[in-house]
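Structural description and commentary
Given next are the chains, with one letter for each unit.
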Amino acid sequence: MKLIREFIKWYVYITFVVLVIVALSCTTAGIDFVKTYTLWQILIASFLTSVVTTIMHSGHEEGLLKCLPRMFLHYALLCIVMVVCGMMFDWISQSIGGILFMMGAVAAVYVITL
């Protein structure tokens, strides 16, 4: 039951922050609306990253030095998931610039949800 609660907590946090980042990105890019399927894609991507986050955070209460390698692994796994989703959902271009953009977005969500 605790694992399910943790997953739901992370899913809500991640989905909210992703929606805020999408809203800011759309606003700065001058995009007036988001298509319905994009909202479903956001929910799917949030689900996948919440699974990774729940697994990476389950049962680990250690000091900062032991925690850092796991944080980098967690970030790398999130980047892999989101770059793949970004390319599949056509959110980013299949280029170094697109990958770096997504890695920056993942870093922003990661820092905000810590």
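Residues numbered from 1 in each chain as written. Predicted model: local features only at pLDDT ≥ 70, side-chain atom pairs only at ≥ 80, totals over all residues. Heavy atoms only, no water.

1. Focus: the pattern of salt bridges
Per the stated rule, a full pass over the model turns up one salt bridge. Of the charged contacts, one joins E6 and K9 as a salt bridge, the two residues approaching to 3.4 Å between their closest N and O atoms. Residue E6 and its partner K9 are located together in helix 1 (residues 2–29), separated by three residues, close to a single helical turn. Judged by its relative accessible area of 27%, E6 is partly exposed. (Salt bridge = Lys/Arg side-chain N within 4 Å of Asp/Glu carboxyl O. Helix = DSSP H or I, 4+ residues; strand = E, 2+ residues; numbered from the N terminus. Buried < 20%, exposed > 50% of the residue type's maximum accessible area, 1.4 Å probe, protein only.)

2. With respect to the confidence of the model for the protein
Taken over all residues, the pLDDT of the protein has a mean of 91, while the share at 70 or more is 96%. Taking the mean pLDDT of every element in the protein, the minimum, 91, falls on helix 3 (residues 64–88) and the maximum, 94, on helix 2 (residues 36–57). (pLDDT = per-residue confidence, 0-100.)

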